[in-house]
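Listed here are the chains, written in short residue letters.
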Amino acid sequence: MLLKIRNYRGNQIKVNALSFSTISRLSKAVSAKQNFESSGKQGDKFTSCNTRDVTKASLNSLPKNLGDDKERVAFQQWLQSPEVKKAKFFNGAGFGLGPRRDQPFPLNPSFRPSRPTSHSVRMQISNEYRQGISVDVLARKYKTCPQRIEAIVKLRNVFDERQSHNAPVLSSYANVMEKMVNVCREPSRLQFNDHGDLPIQSRATPLWKSISEDHVFSPEEAAKTLHWPSLEEIANQNNSVGKNEIRGAVNSSHRSEELVATDEAQTGKRIFRLVDVSNGDLWKRDTAGNIYVRRQAATSN
Amino acid sequence: MRGKPFISLKRMLLRPSWNKFNLYNIARKQLPSPSSGTLFQKKWIAKRETRAYHGPQLREYQLKNSFQPKVHGVTPSHENKNPIPFMSQMYAFIESRLDMSIHRAMFASSALQARQLVVHGKVSVNGLPEKRSYRVLKPGDLVTVEPKFVLHCVSALKSKNSQPASSEANTSTEKDGTSSNESKANPSNEENQETSLSKSTLDSKLESGMHNFSPKPYMALMAFIPSYLEVCFQTCSFVYVRDPVARPGLTEVPSPFPEDIHALAYSYYIRSRCMRQGAAHRQAKRLFPQRIHDPGFFRGPRDLYDPKKKSSKNSYSERYPVRRTKLPKLV
């Protein structure tokens, strides 16, 4: 139901009646707007915020093309809320728009940037590099990629060059920004999510290979066909121990799966896959009537 | 006729900006309902919403030309069974633009302001001045912005001198007319002498950056640095470490929208891409060797394998040829 209201400027605006809870509130709204025009006194409870803050002047100071009066009042209310007021001139605490400290956007839970490095940690890493430790060793030590170590060294060179030219030191700016961005000052707590990455190499055309029926096509063979580095090489690179599964390989690896039951009467066209939510186990029934279980490994992330 | 406002409480389009109205929109944004309309309508709305945030300074044809259908992902060598959000990488090619990276490194309050910084010559890449905002950064590029202008972009309007506060959209207009300053990189331009008001404002901002820095109001609500940048605030410089990449459960492309919205926008753009390109062109592309982004394969510092030394005279790289001589006049 659309209602036409005259706002204090005399312009007609269409308002959905459902947005107001009661009609009395509506009349209060109209009277409140008229009150704004007539005098800067305290309005009714319609605005539900300190009308000292939402005076006619501040309403008018917002540009008209942003939205209508109701939206601008709601915006002013949001500005007065305690979280936003704390953020107005940053005082040192951590906050953002998202629910978590490391989630800046409320609607996108997959964007969670890692904590950046502080100036002190960068100085430490570049000092170690200058003492003679190589980039690869440093990357493995701080669990990141060598490109980042090189970047840190570059930034250190720029900093030294500026210092040698006696440029003004932006200490206050750097301190405030580092606090705001939630910088990590301890090298032990650094987490870059860079370490030990394998690129996902996709193919434009699919590969075909004919093998005999009883031949089991294992992930290692798949990696060899795709010319991917073997698991030993990767393990040696990252100094990690244990079997790893290459992601692009064929999913069914019968080593980790246990055959639980067999029922020849249950053969069918379809493969059923069930996930046990409490454990994370994967139960599978294939076309031959065999039921497999892939237990959730204890060392998964 | 005036176009629609850039930031509007009614339209609620999200922009790459620290504007308080924009932050309010991000805080209260609701995604379009999944049962809204036809498939094309969903794709269109997804494209509209994501384009408003990712590269609003680009025209539609510019984005279609620079659109890359190949999305890169990465998997760790240890076991991680989270799904990789590939579709969030749709706008990754925009993030590697110079102006967007400057905004992500928190040296400018919006992407448009960052673009203005570049165009006005306050930015240098790998030591050489760069005036092209469309420059795509390669891994390892070092970008330096002049500290005076960074502080102007980032600090609060009402400084101690209490200069008249201009509107938030026009924060960079003051530094447009500034003539010779003590800038290291750029030579002094002989333009009309601006009033000493703007000069003193810039210098006061620089002093406040040294002693008592007050950030832009509400800037802390959108304070983050993406993982693919390494930023040094002391020198107002950053390094583009690598391209943003999708990981199990995580994206590196900063975006307020979840993956399904990006997937719809991707399906919109891939359609027009296929329509535009001919079959022969596509076939030729398949024959090219694939460029593999292997972060574990470190070739060393760029000077070793990239022997092209750029002199200061020829500041523009060969990858982006710029016309040096004037075209002959058509009579």
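Conventions used here
- Residues numbered from 1 in each chain as written.
- Chains lettered and ligands numbered in written order.
- Predicted model: local features only at pLDDT ≥ 70, side-chain atom pairs only at ≥ 80, totals over all residues.
- Heavy atoms only, no water.
- UniProt positions renumbered as here; feature names shortened; annotations may be inferred.
- Pairing = 2+ DSSP bridges.
- Helix = DSSP H or I, 4+ residues; strand = E, 2+ residues; numbered from the N terminus.
- Phe/Tyr/Trp six-rings, centres within 6.5 Å; stacked < 30°, edge-to-face > 60°.
- Buried < 20%, exposed > 50% of the residue type's maximum accessible area, 1.4 Å probe, protein only.
- Core = buried A, V, L, I, M, F, W, Y, C linked by side-chain atoms within 4.5 Å.
- Contact = heavy atoms within 4.5 Å.
- Buried area = accessible area lost by both parts, 1.4 Å probe.
- Salt bridge = Lys/Arg side-chain N within 4 Å of Asp/Glu carboxyl O.
- Polar contact = N/O pair within 3.5 Å; in protein donor to acceptor, adjacent residues only side chain to side chain.
- Nonpolar A, V, L, I, M, F, W, Y, C, P; charged D, E, K, R; others polar.
- Axes fitted to C-alpha atoms, helices over the stretch in contact; angles between N-to-C directions.

An unreviewed UniProt entry lists chain B under the name Mitochondrial ribosomal protein subunit S4, with Schizosaccharomyces osmophilus as the source organism. Looking at the Sequence similarities (unreviewed entry) heading of the UniProt record, one finds this comment for chain B: "Belongs to the universal ribosomal protein uS4 family."

As annotated in an unreviewed UniProt entry, chain A carries the name Mitochondrial ribosomal protein subunit S45 and is attributed to Schizosaccharomyces osmophilus.

Student: Would you take a moment to explain the sheet that holds strand β6 (residues 237-240) of chain B for this structure?
Tutor: Pairing is antiparallel across the open sheet formed by 5 strands, whose spatial order is β3-β2-β4-β6-β5 (chain B). Each edge of the sheet is formed by a strand with only one pairing partner; in this case those strands are β3 (128-129) and β5 (229-232) of chain B.

Student: Where do I start with the packing of aromatic side chains in this structure?
Tutor: Geometry of an aromatic ring pair is reported as the spacing of the ring centres plus the angle between the planes. Per the counting criterion, the structure on display carries 20 aromatic pairs over all chains. Ring centres of Phe-105 of chain A and Phe-224 of chain B lie 5.7 Å apart, and the angle between their planes is 70°; this geometry places the pair in the edge-to-face category. One end of the pair, Phe-105 of chain A, is in the loop between α4 (82-88) and α5 (119-131); the other, Phe-224 of chain B, is in the loop between α8 (196-210) and β5, on a second chain. Accessibility expressed as a relative area gives 0% for Phe-105 of chain A, which makes it buried.

Student: Which parts of the structure should I look at to understand the nonpolar core?
Tutor: The tendency in soluble globular proteins is for nonpolar side chains to be buried as a group. The biggest cluster of nonpolar side chains holds 65 residues, and the ones touching the most others in it are Trp-78, Tyr-173 and Met-177 of chain A together with Ile-102, Phe-107, Val-154 and Phe-238 of chain B. Within the second largest apolar cluster, 15 residues are counted, among which are Val-71, Met-87, Phe-93 and Tyr-266 of chain B.

Student: What am I meant to see in the interface of chain B and chain A here?
Tutor: How big an interface is tends to be stated in terms of accessible area lost as the parts join. Listed per partner, the contact involves 94 residues of chain B and 77 residues of chain A. A combined buried area of about 8,000 Å² lies between chain B and chain A, and 63% of that area is made up of carbon and sulfur atoms. Arg-242 of chain B is paired through a salt bridge with Asp-194 of chain A; the nearest N and O atoms lie 2.3 Å apart. Viewed at the interface, chain A and chain B are joined by 13 residue pairs in polar contact (both at pLDDT 80 or more). Elements that contribute at least two residues to the side of chain B that touches chain A include exactly α1 (20-28), β1 (74-76), α7 (147-154), α8, β5 and β6 of chain B. In terms of residue count, the dominant contributor to the side of chain B that touches chain A is α1 of chain B (6 residues). Residues of the side of chain B that touches chain A, tallied by class, amount to 56 nonpolar, 22 polar and 16 charged. As defined by bridge partners, strand β3 (residues 197-199) of chain A adjoins β1 of chain B across 3 bridges and the pair is classed as antiparallel. Each residue of the ladder has a partner; that of Leu-198 of chain A, found in β1 of chain B, is Thr-75 of chain B.

Student: How do you make sense of the pattern of salt bridges when you look at a structure like this?
Tutor: Close approach of charged atoms lets side chains of opposite charge pair. All names here are of chain B. Per the counting criterion, the structure on display carries 23 salt bridges over all chains. In this structure, Arg-247 engages Glu-252 in a salt bridge whose closest nitrogen and oxygen atoms are separated by 2.8 Å. Overall, the relative accessible area of 6% leaves Arg-247 in the buried class. In this structure Glu-252 comes out as buried when scored by relative accessible area, which is 3%.

Student: Explain the pairing of strand β4 (residues 141-145) of chain B to me, please; I cannot follow it from the model alone.
Tutor: Note on strand geometry: in a regular strand, side chains alternate between the two faces of the sheet. All names here are of chain B. Most of β4 is tucked away: 4 of the 5 residues are buried. As paired elements, strand β2 (residues 123-125) and β4 share 3 bridges and run antiparallel to each other. By the bridge assignment for β4, Val-125 is matched with Val-143. Examined bridge by bridge, β4 and β6 share 4 bridges and lie antiparallel to one another. Looking across to β6, one finds that Leu-142 is bridged to Val-239.

Student: What's the story with the side chain of Arg-51 of chain B in this structure? I'm lost.
Tutor: Residues and elements named next belong to chain B. Within the secondary structure, Arg-51 is located in helix α2 (residues 39-53). For Arg-51, a relative accessible area of 9% puts it in the buried group. Polar contacts involving the side chain of Arg-51 include one to the main-chain carbonyl oxygen of His-54, which spans 3.5 Å. Within polar-contact distance, the side chain of Arg-51 engages the backbone oxygen of Gly-55 at 2.6 Å. Those residues in contact with Arg-51, other than ones at most four positions away along the chain, are Pro-56, Leu-58, Arg-59, Glu-60, Leu-63, Tyr-91 and Tyr-269.

Student: Looking at this structure, how should I read the side chain of Arg-156 of chain A?
Tutor: Residue and element names in this part refer to chain A. Following the sequence through the fold, Arg-156 ends up in helix α7 (residues 146-164). A distance of 3.4 Å separates a polar side-chain atom of Arg-156 from the backbone oxygen of Met-123. Ignoring any residue separated from it by four or fewer positions in sequence, one finds Arg-156 in contact with Met-123, Ser-126, Asn-127 and Arg-130.

Student: Where do I start with the sheet that holds strand β7 (residues 290-294) of chain A in this structure?
Tutor: Pairing between the strands of a sheet comes from backbone hydrogen bonds, and it takes one of two forms, parallel or antiparallel. All names here are of chain A. Pairing is antiparallel across the open sheet formed by 4 strands, whose spatial order is β4-β7-β6-β5. Single-partner strands in this sheet number two, and they are β4 (257-262) and β5 (272-275). Along the sheet, successive strands turn relative to each other by an average axial angle of 20°, direction set aside. Pairing analysis gives 4 bridges linking strand β6 (residues 282-285) to β7, with the strands arranged antiparallel. Paired with Arg-285 across the bridge in β7 is Ile-291.

Student: Even after reading the chapter, I still don't get the pairing of β5 of chain B, so can you show me in this structure?
Tutor: Residues and elements named next belong to chain B. A two-sided burial pattern is seen for β5, the buried positions comprising Leu-229 and Val-231 on one face and Glu-230 and Cys-232 on the other. Relative to β6, β5 runs antiparallel, the two sharing 4 bridges. Residue Cys-232 lies in a different strand from β6, and its bridge partner there is Ser-237. The turn joining β5 and β6, which pair antiparallel and follow one another in sequence, is formed by 4 residues; a positive phi near 55° is taken by Cys-236.

Student: I'm lost on the environment of Lys-42 of chain B in this one. Help?
Tutor: Residues and elements named next belong to chain B. Within the secondary structure layout, Lys-42 lies in helix α2. Looking at Lys-42, the relative accessible area reads 26%, which means it is partly exposed. When the C-alpha positions of Lys-42 and Ala-265 are compared, they lie 8.8 Å apart, and in sequence the two are 223 residues distant. For Lys-42, the residues in contact, after removing those within four places along its chain, are Pro-34, Ser-36, Gly-37 and Leu-264.

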